[in-house]
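Read off the chains here:
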Amino acid sequence: MSESPIAKLRAEYDAIARQLDVATGGAEREAAKREIIGYFKRVDGYLGDLTQLKDDIRQLVERYKQLTADTKQAAAPEFTGTRPVVHADHIGASTFIEKGWSLISLGDHTGSIQALHRALQLAPGETQAESLLGWAQMLHEDYDDALQTFSKVLMKEPANSLARINVGYICLKKRIFGEAIEHLSKAIRLDNDKKATLYAHFYLGLVYLQREMFEDAETFFQKTIKLGPNLIEAYYELGRSYWFAGDQAQAKVTWQDGFKANKFNPWGKKCGEMVELVARGEEPPRD
């Protein structure tokens, strides 16, 4: 195993420290000064390279998510939370908030939950930490914990539409349809976040589809596609709504449109599979 780059940098630090210990004359001190400046610049350059590498790793994560996307069930709202503004604080909570954000982005929800709990131990009631913790718990499918966390956020920020659609999603997963409709409808009325408005329509479509209120489901899925044509899953669900409402011809057209919209997307592929499935005389899945 190759030696750690940190170990090499630490060894260089120790060498400069020893150089300072024996620097008695002006020339020796000046030489040590040049060493320190050069050392600082190298470390600073490494930090910049590492920051870029961290961003590149997130791109790998996104590519992995595309390859492993679960098309068996509705996806949770895509996490695109704003990167926290890290500021120096004497208790260190902001460091754990940023760590929590980074770990959610990387898909390490367990690690994120741990970091954000630590942030809240240091800064109880910190709203940004609570909001991120709710995201991490929801993505980890700790739905009851996430509901409690988001409830705290909404008590302080009733107009937080992203928190509200997350609650709506959790209620949908728990089949608490009345509360899901309440929160998702409120997010649509607020209309203060494009992403929240998009997902509110989509999840309301799912609520009504699960309740077999197919015309209402069609209305919300149609609006979803209008607001966000790249949410290919909406084509798939709209097709199911048409099919179970008895309009099988329109269902096939919708699935074909979804496949054409992005045939490389997992849900685009799923739309293509539905066209082939019904052509064989089989029924689309009810769930």
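This structure is a prediction, so every number in the text was calculated from the model and none was measured.

Q: What's the story with the overall build of the protein chain in this structure? I'm lost.
A: The helix and strand tally for the protein chain stands at 13 helices and zero strands. Pairs at least 24 residues apart make up 53% of the contacts formed inside the protein chain by residues separated by at least 6 positions. With the model as given, the accessible surface of the protein chain reaches about 16500 Å², and the carbon-plus-sulfur share is 53%.

Q: Explain the pattern of salt bridges to me, please; I cannot follow it from the model alone.
A: Should the charged atoms of two oppositely charged side chains come close, the side chains can pair. Per the counting criterion, the structure on display carries six salt bridges. As a salt-bridge pair, Arg280 and Glu282 come within 3.0 Å of each other at their nearest N and O atoms. A relative accessible area of 37% places Glu282 in the partly exposed class.

Q: Got a minute to help me understand a nonpolar patch on the surface in this structure?
A: The grouping of Tyr46, Leu47, Leu50, Leu53, Ile57, Leu60 and Leu106 at the surface amounts to a nonpolar patch, some 630 Å² of accessible area in total. The partly exposed category is assigned to Leu50, whose relative accessible area is 45%.

Q: It is not clear to me how the packing of aromatic side chains should be interpreted in this structure. Could you clarify?
A: Each aromatic ring pair is specified by the distance between its two centres and by the angle formed by the two planes. If you walk through the whole model with that rule in mind, you get 10 aromatic pairs. Between Tyr208 and Phe220, the ring centres sit 5.7 Å apart and the planes meet at 10°, which makes this aromatic pair stacked. Pair noted here: Tyr208 is in helix H9 (residues 194-210) and Phe220 is in helix H10 (residues 214-227), with a separation of 12 residues, a long-range link. Ring geometry for Tyr236 against Trp267: centres 5.1 Å apart, planes inclined by 50°, an arrangement best described as tilted. On the criterion of sequence distance, the pair formed by Tyr236 in helix H11 (residues 233-245) and Trp267 in helix H13 (residues 266-279) is long-range, its members being 31 residues apart.

Q: Help me out: how do you make sense of the environment of Arg286 in this one?
A: Summarising the element assignment, Arg286 is placed in the segment after H13. The spatial distance from the C-alpha of Arg286 to the C-alpha of Leu209 is 9.5 Å, given a sequence separation of 77 residues. Residues in contact with Arg286, not counting those within four places in the same chain, are Glu212, Phe214, Arg240 and Phe244.

Q: How should H13 be read in this particular structure?
A: Because each turn of an α-helix spans 3.6 residues, side chains separated by three or four positions in sequence point in the same direction. Helix length check: H13 (14 residues) gives 20 Å between terminal C-alpha atoms against 20 Å at 1.5 Å per residue, within 8%. Along H13, the residues that are buried comprise Pro266, Trp267, Gly268, Lys270, Cys271, Gly272, Met274, Leu277 and Val278. The distance from a side-chain oxygen at the start of H13 to the backbone nitrogen of Trp267 is 2.6 Å, and the residue carrying that oxygen is Asn265. Just beyond H13, the residue with positive phi is Gly281, at close to 85°.

Q: Would you explain unusual backbone geometry in this entry?
A: With glycine set apart, most residues show a phi of negative sign, and most peptide bonds adopt trans. At Glu141, a position not held by glycine, the phi torsion is positive, near 65°. One can find Glu141 in the loop between helix H5 (127-139) and helix H6 (143-156). Take Glu141: its relative accessible area is 48%, and that puts it in the partly exposed class. One non-glycine residue with positive phi stands out, namely Asp191, at about 45°. Within the secondary structure layout, Asp191 lies in the loop between helix H8 (177-190) and H9.

Q: Would you explain the packing of H11 against H13 in this entry?
A: Helix-helix packing: each pair is described by the crossing angle between the helix axes and the interaxial distance. Close contact between H11 and H13 brings their axes to 7 Å; oriented N to C, the two are set at 25°. By the angle between their axes, H11 is roughly parallel relative to H13. In this structure, the crossing between H11 and H13 has a hand that is left-handed. From H11, Glu233, Tyr235, Tyr236 and Trp243 reach across to H13, where they touch Trp267, Lys270, Cys271, Met274 and Val278.

Analysis parameters
- Residues numbered from 1 in each chain as written.
- Predicted model: local features only at pLDDT ≥ 70, side-chain atom pairs only at ≥ 80, totals over all residues.
- Heavy atoms only, no water.
- Helix = DSSP H or I, 4+ residues; strand = E, 2+ residues; numbered from the N terminus.
- Contact = heavy atoms within 4.5 Å.
- Areas by Shrake-Rupley, 256 points an atom, 1.4 Å probe, with all protein chains shown as cover.
- Salt bridge = Lys/Arg side-chain N within 4 Å of Asp/Glu carboxyl O.
- Buried < 20%, exposed > 50% of the residue type's maximum accessible area, 1.4 Å probe, protein only.
- Patch = residues over 30% accessible without salt bridge, like charges linked within 9 Å, V, L, I, M, F, W, Y side chains within 5 Å.
- Phe/Tyr/Trp six-rings, centres within 6.5 Å; stacked < 30°, edge-to-face > 60°.
- Expected span 1.5 Å × (residues − 1).
- Polar contact = N/O pair within 3.5 Å; in protein donor to acceptor, adjacent residues only side chain to side chain.
- Axes fitted to C-alpha atoms, helices over the stretch in contact; angles between N-to-C directions.
- Parallel < 35°, antiparallel > 145°, perpendicular 65-115°, else oblique.
- Left-handed = near helix turned anticlockwise from the far one by under 90°.

In short, shape yes, function no, at least from these values alone.
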